[in-house]
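# Observations on chain architecture
Listed here are the chains, written in short residue letters.
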Amino acid sequence: MTISKLRSMVQDVTRLVERQGLEEPAVLERAKTLMETLIATDDWLPEAMAQPHPQYYQQHLLYGDPLDRFSLVSFVWGPGQRTPIHDHTVWGVIGMLRGSEVEQHFERDAQGQLQPGRQATLLPGQAACVSPSIGDIHQVSNAYDDRVSISIHLYGGNIGRIQRHVFDPNTGAVKDFVSGYSNTLIPNLWPAGEAAA
Ligand code: FE2
């Protein structure tokens, strides 16, 4: 395993969010390309960030920008695990690293009811985007009920600290939520003694 791919991703995204004057579609396009490069190979994710939980899908923070301009998270899906229907309120890029996940989008109609929209199945190496401007409400599930899947998520903010929303699938009722992270310890990406190769 090498930390250099993750390190390059963090450096490239930092440069991207430092650029002035880029509209969101341009940011998303570039962020998606960076994500596709990161997930093109599955040989860099630290083992501690790939651990599932028997009951809950895991959101391991890989890196949080000190100015909260972006965060990079490893989502680890145990067999059959899924999110509630939720939004993000910031742009995001989801890249499939291992296994597969199903992403069901929703739209709210004039009555506030949720209507199912597009559905996508992500395979390793594929990436998808979310944002309030292109569709922000979805539910994500592990495509498998007998194995772990892992996707890498990049968000245009500190996603674990942002107040966002979950939606009742039957009534469309909205509840505030803050996801936090699964880490009990926020990792130092560059531990002493680990070669930067
Ligand atoms: Fe999501």
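Rules used in this analysis
- Residues numbered from 1 in each chain as written.
- Predicted model: local features only at pLDDT ≥ 70, side-chain atom pairs only at ≥ 80, totals over all residues.
- Heavy atoms only, no water.
- Pairing = 2+ DSSP bridges.
- Helix = DSSP H or I, 4+ residues; strand = E, 2+ residues; numbered from the N terminus.
- Core = buried A, V, L, I, M, F, W, Y, C linked by side-chain atoms within 4.5 Å.
- Buried < 20%, exposed > 50% of the residue type's maximum accessible area, 1.4 Å probe, protein only.
- Contact = heavy atoms within 4.5 Å.
- Donors = N, O, S within 2.8 Å, 3.2 Å for Na, K, Ca; no water.
- 1 Å grid on protein atoms, 1.4 Å probe; cavity = no way out; pocket = protein on both sides within 12 Å on 5 of 7 lines; lining within 4 Å.
- Points joined across faces, edges and corners; volume = space filled by probe spheres on them.
- Salt bridge = Lys/Arg side-chain N within 4 Å of Asp/Glu carboxyl O.
- Phe/Tyr/Trp six-rings, centres within 6.5 Å; stacked < 30°, edge-to-face > 60°.
- Lys NZ or Arg CZ within 6 Å of the ring centre and 35° of its normal.
- Axes fitted to C-alpha atoms, helices over the stretch in contact; angles between N-to-C directions.

Another aspect to go through is the pairing of strand β10 (residues 164-167). In the sheet, strand β3 (residues 85-86) pairs with β10 via two bridges, with the strands oriented antiparallel. Bridged to I85 within β10 is F167. Two strands pair when backbone bridges link them, and β10 and strand β11 (residues 174-177) are joined in this way by four bridges, in the antiparallel orientation. Within the sheet, the bridge partner assigned to F167 lies in β11 and is V174. Taking the residues that link successive antiparallel strands as the turn, the β10-β11 hairpin has six residues, and the phi of G172 there is positive, at about 80°.

This next bit is on the nonpolar core. The biggest cluster of nonpolar side chains holds 29 residues, and the ones touching the most others in it are M35, L45, L72, V93, I152 and L154. By residue number, the principal contributor to this core is helix α2 (residues 24-38), which donates six residues. Discounting chain neighbours no more than four positions away, the residues touching L72 are L6, M9, V10, M35, H60, L61, L62, Y63, I152, H153 and L154.

Each pair of donors in an ideal octahedron of six around a metal sits at 90 or 180 degrees, and each pair in an ideal tetrahedron of four sits at 109.5 degrees. Coordination of the iron ion by the protein is provided by H86 (NE2), H88 (NE2) and H138 (NE2), with metal-donor distances spanning 2.1 Å. Motif for the iron ion, donor spacing along one chain: H-x1-H-x49-H. One end of the pair, H88, is in the loop between β3 and β4 (92-98); the other, H138, is in strand β8 (residues 137-142), and 50 residues separate them in sequence. Assessed through its relative accessible area of 1%, H138 is described here as buried.

On to empty space enclosed by the protein, then. The final tally for this structure, using the stated rule, is one cavity of 30 Å³ or more. What the largest cavity holds in volume is close to 60 Å³. Taken together, Y57, Q59, F75, T83, H86, Y155, R164, F177 and S179 make up the full set of residues lining the largest cavity.

Before going further, it helps to spend a moment on the pattern of salt bridges. Tallying each qualifying case throughout the model produces seven salt bridges. When the shortest N-O distance is used, the salt bridge between D43 and K5 registers 2.9 Å. Here K5 lies in helix α1 (residues 4-18) and D43 lies in the loop between α2 and β1 (58-64), a separation of 38 residues in the sequence. For D43, a relative accessible area of 35% corresponds to the partly exposed category. With relative accessibility at 28%, the residue K5 sits in the partly exposed group.

With that settled, the discussion passes to the packing of aromatic side chains. One pair of aromatic rings is described through two measures. These are the centre distance and the angle between the planes. Summed over the entire model, instances satisfying the criterion amount to four aromatic pairs. An angle of 40° between the planes, with centres 5.7 Å apart, marks the rings of F75 and W77 as tilted. Side by side, F75 and W77 carry an identical accessibility label, which is buried. Members of the aromatic cluster, connected to one another through ring pairs, are Y57, F75 and W77. One residue, R147, lies across the ring of Y144, its end atom 3.7 Å from the ring centre.

Bringing the sheet that holds strand β7 (residues 127-130) into the picture now. Read from one edge of the open sheet, five strands run β1-β2-β9-β4-β7, paired in antiparallel fashion. Across the chains shown, the open sheet's two edge strands, defined by having one partner strand only, are β1 and β7. Recorded for the sheet is a direction-independent mean angle of 25° between the axes of neighbouring strands. In this sheet, strand β9 (residues 149-155) lies alongside β4 in antiparallel orientation, the contact comprising six bridges. Paired with G95 across the bridge in β9 is I152.

Everything listed here is a matter of coordinates, which is why it stays silent on function.
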